[in-house]
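Each chain is listed here by its residues.
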Amino acid sequence: MLYLLLTTTLLLIIFYGLGNLYQKLLPFYEERISTNIFIGLSITTAIWTLAAFFVPINYIVEIVFSIVGIISFIYFKAYQKFFIFFKRQSKFFYFCLLVILLVGSCYPFILDHFGYYVPTIKWTQEYGLVKGISNLDMLLGQYSPWHILQTGFSNFIDPYLRLNTFLLIVFLVYIFESRAWIGLVFTPIFFVFAQSPSPDLPTLILSFIIVKEVLSQSRHAKFLFLLSCLAFIIKPTSFWLIIFSFIYFWFIKRNKVISLLPGFCLILLYFLKNIWTFGHPFFPIGFPDLGLSWQANPLLLELSKQNSTELSYDLQYSYQDIQKFSFKDYVFNWLNLDGIKGIIHKLFVLTLVGLIFLSVIKKKKIISLLLGCILLKSILVLIFSAQYRLFLDVFLIAGILIFAKTWFSFAKLGFISLSIVAIIILSIPQTLQNSIPSFSLGKMMTGWDAKQLLRPSTFSLNKYKTYQIGNLKFNIVKDYPFSFDTALPAISPDYLLDYQKAGIFPQKIGLDLKNGFVWKKMSPHEQQELQRIIKQVSP
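Residues numbered from 1 in each chain as written. Predicted model: local features only at pLDDT ≥ 70, side-chain atom pairs only at ≥ 80, totals over all residues. Heavy atoms only, no water.

1. Observations concerning the overall build of the protein
Note the following rule: Runs of E in the DSSP output that reach at least two residues are strands. Runs of H or I that reach at least four are helices, and both are numbered from the N terminus. The atom set for the radius of gyration is the C-alpha atoms, and the globule formula is 2.2 Å times the number of residues raised to the power 0.38. Here, residues are in contact when the closest pair of their heavy atoms is within 4.5 Å. Accessible areas in this description were obtained via Shrake-Rupley with a 1.4 Å probe; residue shielding takes into account the shown protein chains only. Charge assignment: positive for Lys and Arg, negative for Asp and Glu; neither His nor the chain ends contribute. Positions of charges follow a simple convention, taking NZ of Lys, CZ of Arg, CG of Asp or CD of Glu.
Each helix and strand in the protein was counted, giving 24 helices and 4 strands. In terms of overall size, the protein behaves like a compact globule, its C-alpha atoms giving a radius of gyration of 23 Å where 539 residues would be expected to give roughly 24 Å. Considered along the principal axes of its C-alpha atoms, the protein spans approximately 70 × 55 × 50 Å. A separation of at least 24 residues holds for 68% of the contacts in the protein among residues at least 6 apart in sequence. Carbon together with sulfur atoms contributes 66% to the accessible area of the protein, which is approximately 23600 Å² in total. For the protein, the centre of its 46 positive side-chain charges and the centre of its 26 negative side-chain charges are spaced 11 Å apart.

2. Examining the pairing of strand β2 (residues 472-477)
Heads up, the rule is: Only protein chains enter the accessibility calculation, which uses a 1.4 Å probe; a residue is then buried when its area is under 20% of its type maximum, exposed when over 50%, and partly exposed in between. The pairing criterion for strands is at least two bridges between them, as found by DSSP.
Of all 6 residues that make up β2, 5 are buried, and the element is covered over most of its length. The sheet contact formed by strand β1 (residues 464-469) and β2 spans 6 bridges and is antiparallel. Bridge pairing in β2 places Tyr467 opposite Phe474.

3. Remarks on helix α5 (residues 91-104)
Rules: One less than the residue count of a helix, multiplied by 1.5 Å, gives the span that helix is expected to have.
An ideal rise of 1.5 Å per residue puts 20 Å on 14 residues; α5 measures up with 20 Å between its terminal C-alpha atoms. Burial in α5 covers these residues: Phe92, Phe93, Cys96, Leu97, Val99, Ile100, Leu101, Val103 and Gly104. Its buried side turned inward, α5 meets α1 (2-25), α4 (78-88), α8 (163-178), α9 (182-190) and α20 (408-427).

4. Some words on the state of the cysteines
Here is the rule we go by: Throughout, a disulfide means two cysteine sulfur atoms within 2.5 Å of one another.
For the coordinates displayed, the defined rule picks out 0 disulfides. Free cysteine: Cys96, not disulfide-bonded; nearest cysteine sulfur from Cys106 at 17 Å. Unpaired in terms of disulfides, Cys265 finds its nearest cysteine sulfur in Cys229, a separation of 9.6 Å.

5. Some thoughts on a nonpolar patch on the surface
Let me state the cut-off plainly: For patch detection, residues must exceed 30% relative accessible area and be free of salt bridges, and they are connected within 9 Å for like charges or within 5 Å for nonpolar side chains (Val, Leu, Ile, Met, Phe, Trp, Tyr). A carboxyl oxygen of Asp or Glu within 4 Å of a side-chain nitrogen of Lys or Arg is what we treat as a salt bridge.
A cluster of nonpolar side chains, contributed by Tyr59, Ile60, Ile63, Val64, Ile67, Val68, Ile71, Tyr75 and Phe156, occupies part of the molecular surface with about 880 Å² of accessible area. The class for Ile63 is partly exposed, based on a relative accessible area of 37%.

6. Overview of the side chain of Ser196
The cut-off we apply is this: Polar contact is defined as a pair of N or O atoms within 3.5 Å, subject to the rule that within protein one atom must be able to donate a hydrogen and the other to accept it, and that residues adjacent in sequence are counted only when both atoms are side-chain atoms.
Within the secondary structure layout, Ser196 lies in the loop between α9 and α10 (200-215). Of the polar contacts made by the side chain of Ser196, one reaches the side chain of His113; its length is 3.1 Å. Those residues in contact with Ser196, other than ones at most four positions away along the chain, are Pro108, Ile110, His113, Tyr117, Leu161 and Asn164.

7. Considerations on the packing of helix α2 (residues 33-51) against α8
The packing of two helices is summarised by the inter-axis angle and the distance between the axes. This is how the line gets drawn: Only the stretch in contact is used when a helix axis is fitted, and all axes are lines through C-alpha atoms; the angle between N-to-C directions ranges over 0 to 180 degrees.
Between α2 and α8, the least distance of the axes is 8 Å, while the angle of their chain directions is 145°. Residues Ile33, Ser34, Ile37, Phe38 and Leu41 of α2 form the contact with α8, whose own contacting residues are Phe166, Leu167, Val170, Val173, Tyr174 and Glu177.

8. Points about the nonpolar core
Applied cut-off: Residues belong to one nonpolar core when they are buried, are Ala, Val, Leu, Ile, Met, Phe, Trp, Tyr or Cys, and are joined through side-chain atoms within 4.5 Å.
Ranked by internal contacts, the top residues of the largest apolar core, which has 170 residues, are Phe38, Trp123, Leu184, Phe208, Trp240, Leu496 and Phe505. Residues within four places of Leu496 in sequence aside, it is in contact with Phe474, Ile476, Ile491, Phe505, Leu530, Ile533, Ile534 and Val537. Val118, Ile121, Phe482 and Phe484 belong to the second-largest nonpolar core, a separate cluster that totals 6 residues.

9. Digging into α4
For clarity, the threshold we go by: Here the arc refers to the directions that run from the helix axis out to each C-beta atom.
Buried residues of α4: Ala78, Phe82, Phe85 and Phe86, and no others. The buried residues of α4 occupy one face: seen down the axis, they fall within an arc of 90°. Exposed side chains of α4 directed beyond 90 degrees from the buried face belong to Lys87 and Arg88. Tucked into the core, α4 has its buried residues touching α1, α2, α3 (59-75), α5 and α8.

10. Observations regarding the pairing of strand β3 (residues 504-508)
The buried count for β3 comes to 4 of 5 residues, which makes it a mostly enclosed element. For β3 and strand β4 (residues 517-521), the ladder comprises 5 bridges, and the chain directions are antiparallel. If you follow Gln507 over to β4, its bridge partner there is Val518.

11. Concerning the packing of aromatic side chains
Test applied: By convention, a stacked pair of Phe, Tyr or Trp rings (six-membered ring in the case of Trp) has centres within 6.5 Å and planes under 30 degrees apart, an edge-to-face pair has planes over 60 apart, and any other such pair is tilted.
With the rule as written, the count across this model stands at 59 aromatic pairs. Ring plane angle 50° and centroid distance 5.9 Å describe the contact between Phe171 and Phe190, whose orientation is recorded as tilted. Highlighted residues: Phe171 in helix α8 and Phe190 in helix α9, separated in sequence by 19 residues. Using a relative accessible area of 0% as the deciding quantity, one classes Phe171 as buried. According to the relative accessible area criterion, Phe190 is buried, its value standing at 3%.

12. Details of the packing of α9 against α10
The test is simple: In what follows, roughly perpendicular refers to angles from 65 to 115 degrees, roughly parallel to angles under 35, roughly antiparallel to angles over 145, and oblique to any angle outside these ranges. Classification convention: Asp, Glu, Lys, Arg as charged; Ala, Val, Leu, Ile, Met, Phe, Trp, Tyr, Cys, Pro as nonpolar; all other residues, Gly among them, as polar.
For the pair α9 and α10, interaxial distance at closest approach is 12 Å and the crossing angle is 170°. One way to sum up the angle between α9 and α10 is to call them roughly antiparallel. Contacts between α9 and α10 involve Ile182, Gly183, Phe186 and Phe190 on the former and, on the latter, Leu201, Leu204, Ile205, Phe208 and Lys212. Classifying every residue of the contact of α9 with α10 by side-chain character gives 7 nonpolar, 1 polar and 1 charged.

13. Observations concerning the pattern of salt bridges
Close approach of charged atoms allows side chains of opposite charge to pair. A complete count under the given rule lists 7 salt bridges for this structure. Between Lys520 and Glu526 there is a salt bridge whose closest N-O contact spans 3.5 Å. For Glu526, a relative accessible area of 13% puts it in the buried group. For Arg532, the salt bridge is made with Glu529, and the minimal N-O distance between the two is 2.5 Å. With Arg532 and Glu529 both in helix α24 (residues 524-537), this residue pair falls 3 residues apart, about one helical turn. According to the relative accessible area criterion, Arg532 is partly exposed, its value standing at 36%.

14. Brief notes about the environment of Gln150
Within the secondary structure, Gln150 is located in helix α7 (residues 145-152). Looking at Gln150, the relative accessible area reads 1%, which means it is buried. In this structure the C-alpha to C-alpha distance between Gln150 and Ser483, which are 333 residues apart in sequence, comes to 19 Å. Those residues within four positions of Gln150 in sequence are excluded, and the remaining contacts are Ile121, Asp158, Leu161, Arg162, Leu163 and Pro197. A polar contact is formed between the side chain of Gln150 and the backbone nitrogen of Leu163, at a distance of 3.1 Å.

15. Focus on the environment of Leu382
With respect to the element layout, Leu382 can be found in helix α18 (residues 365-384). The spatial distance from the C-alpha of Leu382 to the C-alpha of Leu497 is 28 Å, given a sequence separation of 115 residues.

Structure, rendered in structure tokens:
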């Protein structure tokens, strides 16, 4: 906790300073501390994503931007408003801050932290964006800019990867600056993302801010469009925010299109990143076919699609069984999955129905526009990958609309109550594991550690073996599914089975790993070698 306090304080100063600097260069003007920080986050993310095409995002980048941020903080006298704000806050604000630091110091437990977040950060730190890396590990082809941003501060300031804890504190500042008290009720729900650099948290928080600002008839439409583009490149399922903010910008506020240029640059950068790392503009879709030598193997894309379909049904049905479903079976089986997933799906449908009913009653253009965008997103998610984590923003929007004018006393009570529940679950996870055994995240929680009072808790494995097939010498962990702290290049054991099914294996393009990867069909000898490796690393 103590280390996190120092880390988040330094990040607040750096990003607030950078936000003030960027406002002098771009067509934005935001007075609030929180919105200044979001400008700093957005533009820094764009700069580092572009830079990662050419150089690793290492300690040099961190030192340069940290110095620039601190100098800007002092030069533009941003410290005056910064210290005034924190001096005027109540004891309850600091109580909230303390709770966020407490939950942020717990062990990470989201599986993607080990299989996707940490490996992406390691690659970005050592090599930047690697051409065709999806041929080595399909998940790494995503290269979320949120992880690129995390990489830039993971050398000295934030080696424990708690950027999301920092973001929750920025969100807390936004809530008290804007008096958006309903945000206090959502904050404890967001605690599940505080220990890992999960891209779900920034997209949920950005969704909250954009919707709340639009409902409040904000004059800063171009700033909201920038935030919507940031949310999109972090997690593409947030595309509906771009539609929502653009229509608000164009038809309601009627601002000049030129001021949208920073946002459009983010979108262009996103497509270029995908083409470079995955071979196609839309991850993980193999369309359009650009004919690039490093694009992902079609059979691996099909296997990824099958896995996504099975995850939509919580792995309770095989892909072959799902293919035999009638439309009625698709809907009925999805709504009636065993465990908590089935309950969440039913609540999702009821929430959508409630939003439609609310839109009819209110008869407001903004609410109708919001509903149309969220319905479009929901339909596309249900078609392509109906996993509950992809439509969490629907519940968020419903909460904002229903409790838009929440009193501070009610929000305060909600924060305290839900925080107590969250702390009990994180500290004594057996309570959740016993009461909701079907909730998979609960199985990964490990409880409280006294060392968290000083520094955040992390895991270490660092046990792997080295093998070679073709020109690729790679490392792989044994008896564990994820290679989160394995030396690069690392391959997760499950991908070996996919390569075996496809009859291919990744190969280096040149001598340096930075040159990237392509896939190549295996010879009979290489297939035998792969089979031997699989037997050795299988539990």
